[in-house]
Amino acid sequence: MVKVSTAAEAVGVVSDGAVVMIGGFMGVGSPHRLIDELVRQNKQGLTVIANDTARPGIGVGKLIDATLVRKVIVSHIGTNPQTQRQMLAGNLDVDLVPQGTLAEKVRAGGFGLGAVVTSTGVGTVAADGKRTIELDGCTFLLEMPLKAQFALINAKRADYSGNLEYVLTARNFNPLMAMAADTVIAEVEEVVPSGCIAPDAVATPGILVDSIVING
Amino acid sequence: MVKVSTAAEAVGVVSDGAVVMIGGFMGVGSPHRLIDELVRQNKQGLTVIANDTARPGIGVGKLIDATLVRKVIVSHIGTNPQTQRQMLAGNLDVDLVPQGTLAEKVRAGGFGLGAVVTSTGVGTVAADGKRTIELDGCTFLLEMPLKAQFALINAKRADYSGNLEYVLTARNFNPLMAMAADTVIAEVEEVVPSGCIAPDAVATPGILVDSIVING
Amino acid sequence: MDEKTLIAKRVALELKSGDLVNLGIGLPTMVANFLSPGLEVMFQSENGIIGMQTLPHGQVPFMELSDAGGQPIGAVAGAAAFDSAMSFGLIRGGHLDLTVLGGLQVDELGLLANWMVPGKMVPGMGGAMDLVSGAKRVIVAMTHTAKGAPKIVRHCTLPLTALRRVDLVVTELATIEPTGRGLVLRETAPGVSVEQVLAATEAELIVPASVPTMPIAA
Amino acid sequence: MDEKTLIAKRVALELKSGDLVNLGIGLPTMVANFLSPGLEVMFQSENGIIGMQTLPHGQVPFMELSDAGGQPIGAVAGAAAFDSAMSFGLIRGGHLDLTVLGGLQVDELGLLANWMVPGKMVPGMGGAMDLVSGAKRVIVAMTHTAKGAPKIVRHCTLPLTALRRVDLVVTELATIEPTGRGLVLRETAPGVSVEQVLAATEAELIVPASVPTMPIAA
C-alpha cells in the first residue's frame, strides 16, 4: 500500500542540492503542487532534469524564477528568457540534450541499460565531448543514462497500491522518470481503491511509487 | 484507414525465406490464425524472431512442426522438444538471446537505436562473439538491433484507424514488434469505429499497422 | 497572398494520404490549413500524440491535451497518446513520413541549421535534431532571406541540426531540392524569375533547362 | 515434510512486506504457498504482470492472463500489466527486490549455473540471465545434490547464468550465504548436522562457531 502524504511532508525529504527529475512538457503534466512546495520550502542548489523550463511562472519555470536551480538538463530553454538570463549570468548550468535522446537517457537509467546508442546529434555540437562508436559503418553517439535521487511526477489517478494512470499529452516524461529515481513522489487528482484502475490502464506500477500527494 | 483482409490475403505477402517476428509468450498473445495460415500456405525457410517456440501444436510450435523454419531467434526452446530435435539434427539454427535483451533488441530495431548496451550475459556464453564496451569501469555487451520484413502480431481490438489495444499478458512482445517490421499484420478479435478506443488505451498507433485480420 | 501562406500552400502539396506528419512550430504549422480535400493524413505532436488537430472552435481548452508549445489542441477520432520515449521512437525509428521544419540556413550539401544563433539566446534543439535525423522526409519551410541576407548558403555558418541532407526546401521564391550533385532549382514562385532566385541565393544552384512555376494559384 | 516443502518454507521467510518478487518455475513457485500471514508482497511474472496469483479455485481460465509457462493465473486487486520491455526494465533496472530461482550448480564465488547442461538438451536461458544480473537480491532454491553429486561446487563446470554473486542458497540441508570471503554456512536444516552438510558439499564452506537450525517447524 502506498503512502498518501501532504505536499509539505512528501517534498520535505528532498534535500538541498538534490538531483530531481520533474515530469511535464511546457508545464503540461508537471506536478504543479509539488513544484510550489519546493519553492515554499526553499530547496536550493537543485539539479533539475526535465524536458524544458516552460515559461516564467509556469511549471519548472517557477523554480527558475525562485533561483533554486544550479543546473538543468533539458532539451530547450527557448521559451523561458529567465533561464537564458541566469545562464548568461553564469548562475545556472544548462545542459542541452536532444529531446528524443533525453527521453532515452532517462529510460536507460530506469531500465538498467549501460548507454543509449543514437545517431541523433552526430556531427553537431550535441556531440561535443561525447564518445562515439562505429557499428556496421555508421557512427553513433554513446549517451550515458540519467538517474536521479527524486522524481516529482504528475498523474491523473492513483490507486491504493500506488498504480498510476496518465491522460493524453500529460503523460510525456512522467512514466519514464518514475523508473529512474530512488524516490518517486507522484501528484494525482484522486486516489481510488485497488482494482479500480484496470491492469492494462496502469502505466506506472505502484511498486515504483514512494508517496502520493493529492492535488484536488 | 487500415485495410481489413482475410488471413489468406494478409499472409499471402509473406515470401519464402522471409524474416518474420511473431508475437506471443508460450502461445499466449500469438496470432494463431496467421500462424495457421503460414502453415496452410506452406511458407518455407522462414527466420522467426519470437520469445519462444512454445510447445508442439501451439503457437510458433506449429511452424516448427511443419518444418517451415530455418532459423529461430528466441530466448528459450526448453518447452519444445521438436525444436531441439531439429536443432540437433542440423536442420534448424537456434540463436538464443536472454529474454530482456531480446525485448530490447526488438525495441532498438523499431526505435532507431544503434545498439543495446546491457550487462545481461556478460561473462556467459551469451557473450560469445559479441562486442563489449567499458563504461565507467563496467563491462557491457553491445547487442545489435533486430528488424524484420514482417511482424505477425495479436491484439484484442483494432479500430478503423488501425490502432491496437492489448489485454493483460497477451501484450508481451506484440507492441515492440509492431515498431520493428516493414509490414505489420495484426490479428484481432474485433474492429471498432475510430474513436471507440480511447487514445490512452492505444498501445500500437494505427500508422504502424498494414493489415488487420479478424479472428472472430 | 503573403509569403508565409505561399510557402505553406506549396508544402501542403507534398503531403500524401496515409502520411504521418510532424509540423514544427510557426510557419510549418500553417501547412495544416491548406490540405487538399480528401487527403487523409495524421499529425503527430512530439509531446505524445498522433491525431492532433486545432482546438475545435468554441470548445473549452482541456489542458492535458496540448501541442509541443503547451497550447491546447483537439484530437481526431482514432488518435493515440503515448509517452515521450514512444513519441521519439516513432520519429527516430523511421515511422514518421514527413517533418516540416523552419530553417535558419541550408547549405550546398543540403544540411540544415535551425536551432541556434551563437552569441544570441540559446533556445536549445528541442526535438529538431531527432526529427531531422529520423524522419523519412524532411522539408524546410522558410523565407528565402533574412533581413536581405541569403539563408541558402555555401556552407552553414550556424550550428548544424544534423548531418542528414534534407529533402526539399520551400521558400517564397523557389522550391529547391538538395541532391548528391548539389541544390537543384525545381520551381520558381508565381511571378518570380530564375534570375531573382539566383540573386537572393548565396549557394550555387543547379538550374535545369526548364524550371516550372509552383502549381499555386496566385 | 518433503525436501521441496522445507526449502520453499525457508525461502518464504526471506520475503519482506513491500517486496516485488519473481519466482522461477518449479520449486521456487512453491514459495508463494508459505508466506507469513499479513505479509504484503507483489509477485511479478516476467511475461508482463505485477500482481499475479494462482488461478482462483473453480474459476474458468482466461487464456490472456498467464504465467511465464503459459498457464492461466489470476490477478490481485492492484495488478498492473505491461509489455516485455517494461517487464524486463523492472528486472534489469533494479526494481525487482527478490528473485528465487532453481539451480544446477553454485560455486565458491557464489556464481550460479542454472540454464544449460552441455551435450544434453539446450533449453535456453529465458529470463534467467536478466533476473540474476538485475534483481536486487537473488536466492537459489535447489536440492543440495543431484543423484548423489554435489551441486555446491568449487567451480561451476556448467555454463554460468551471470557473473553476479547470488545472495543466498537454500537447500534441504542448509542455508548458505555466498560472501566476498567465500560460502558461509548460516543454518542447517532441522535434524541435519554440520558434518552432513560438509559431506554433501564439494565447495569449501566457512563454518561459523555457531550454526543455528533453520527456523522451520519440522
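The structure this text deals with has already been given above.
As a starting point, this report considers the structure included with it. This structure is a prediction, so every number in the text was calculated from the model and none was measured.

Rules behind the numbers
Residues numbered from 1 in each chain as written. Chains lettered and ligands numbered in written order. Predicted model: local features only at pLDDT ≥ 70, side-chain atom pairs only at ≥ 80, totals over all residues. Heavy atoms only, no water. Helix = DSSP H or I, 4+ residues; strand = E, 2+ residues; numbered from the N terminus. Buried < 20%, exposed > 50% of the residue type's maximum accessible area, 1.4 Å probe, protein only. Contact = heavy atoms within 4.5 Å. Phe/Tyr/Trp six-rings, centres within 6.5 Å; stacked < 30°, edge-to-face > 60°. Lys NZ or Arg CZ within 6 Å of the ring centre and 35° of its normal. Buried area = accessible area lost by both parts, 1.4 Å probe. Salt bridge = Lys/Arg side-chain N within 4 Å of Asp/Glu carboxyl O. Polar contact = N/O pair within 3.5 Å; in protein donor to acceptor, adjacent residues only side chain to side chain. Nonpolar A, V, L, I, M, F, W, Y, C, P; charged D, E, K, R; others polar.

**As for the overall build of chain C**
Piece 1. Broken down by element type, chain C carries 4 helices and 15 strands.
Piece 2. Dimensions of chain C, computed from C-alpha atoms along their principal axes, come out at roughly 50 × 40 × 30 Å.
Piece 3. Per-residue burial for chain C yields a buried fraction of 59% across its 218 residues.
Piece 4. The contacts in chain C between residues at least 6 apart in sequence include a share of 61% that link residues at least 24 apart.

**Brief notes about the packing of aromatic side chains**
Piece 1. Across all of its chains, the model carries 0 aromatic pairs over all chains by this definition.
Piece 2. The lysine or arginine in question, arginine 107 of chain A, covers the ring of phenylalanine 111 of chain A, its NZ or CZ lying 3.9 Å from the ring centre.

**Quick notes on the interface of chain A and chain B**
Piece 1. With 22 residues of chain A at the contact, the number on the chain B side is 22 residues.
Piece 2. A combined buried area of about 1800 Å² lies between chain A and chain B, and 53% of that area is made up of carbon and sulfur atoms.
Piece 3. The closest approach of N and O atoms between arginine 171 of chain A and aspartate 200 of chain B, which form a salt bridge, is 3.5 Å.
Piece 4. Our count for the chain A to chain B interface comes out at 10 residue pairs in polar contact (both at pLDDT 80 or more).
Piece 5. When its residues are assigned to classes, the side of chain A that touches chain B shows 14 nonpolar, 1 polar and 7 charged.

**Details of the pattern of salt bridges**
Piece 1. Evaluated as defined, the whole model comprises 38 salt bridges over all chains.
Piece 2. Between arginine 107 of chain A and glutamate 104 of chain B there is a salt bridge whose closest N-O contact spans 2.7 Å. Here arginine 107 of chain A, found in helix H5 (residues 99–111), pairs with glutamate 104 of chain B, found in helix H5 (residues 99–111), and the two come from separate chains.
Piece 3. In this structure arginine 107 of chain A comes out as buried when scored by relative accessible area, which is 3%.
Piece 4. Given the relative accessible area of 4%, glutamate 104 of chain B is considered buried.
Piece 5. With a shortest N-O distance of 2.7 Å, glutamate 177 of chain D and arginine 186 of chain D are connected by a salt bridge.
Piece 6. With relative accessibility at 27%, the residue glutamate 177 of chain D sits in the partly exposed group.
Piece 7. On the basis of relative accessible area, arginine 186 of chain D is assigned to the partly exposed category, the value being 34%.
Piece 8. Each member of the salt-bridge network shares a partner with another, and the members are Arg10, Glu14, Arg137 and Glu187 of chain C.

In short, shape yes, function no, at least from these values alone.
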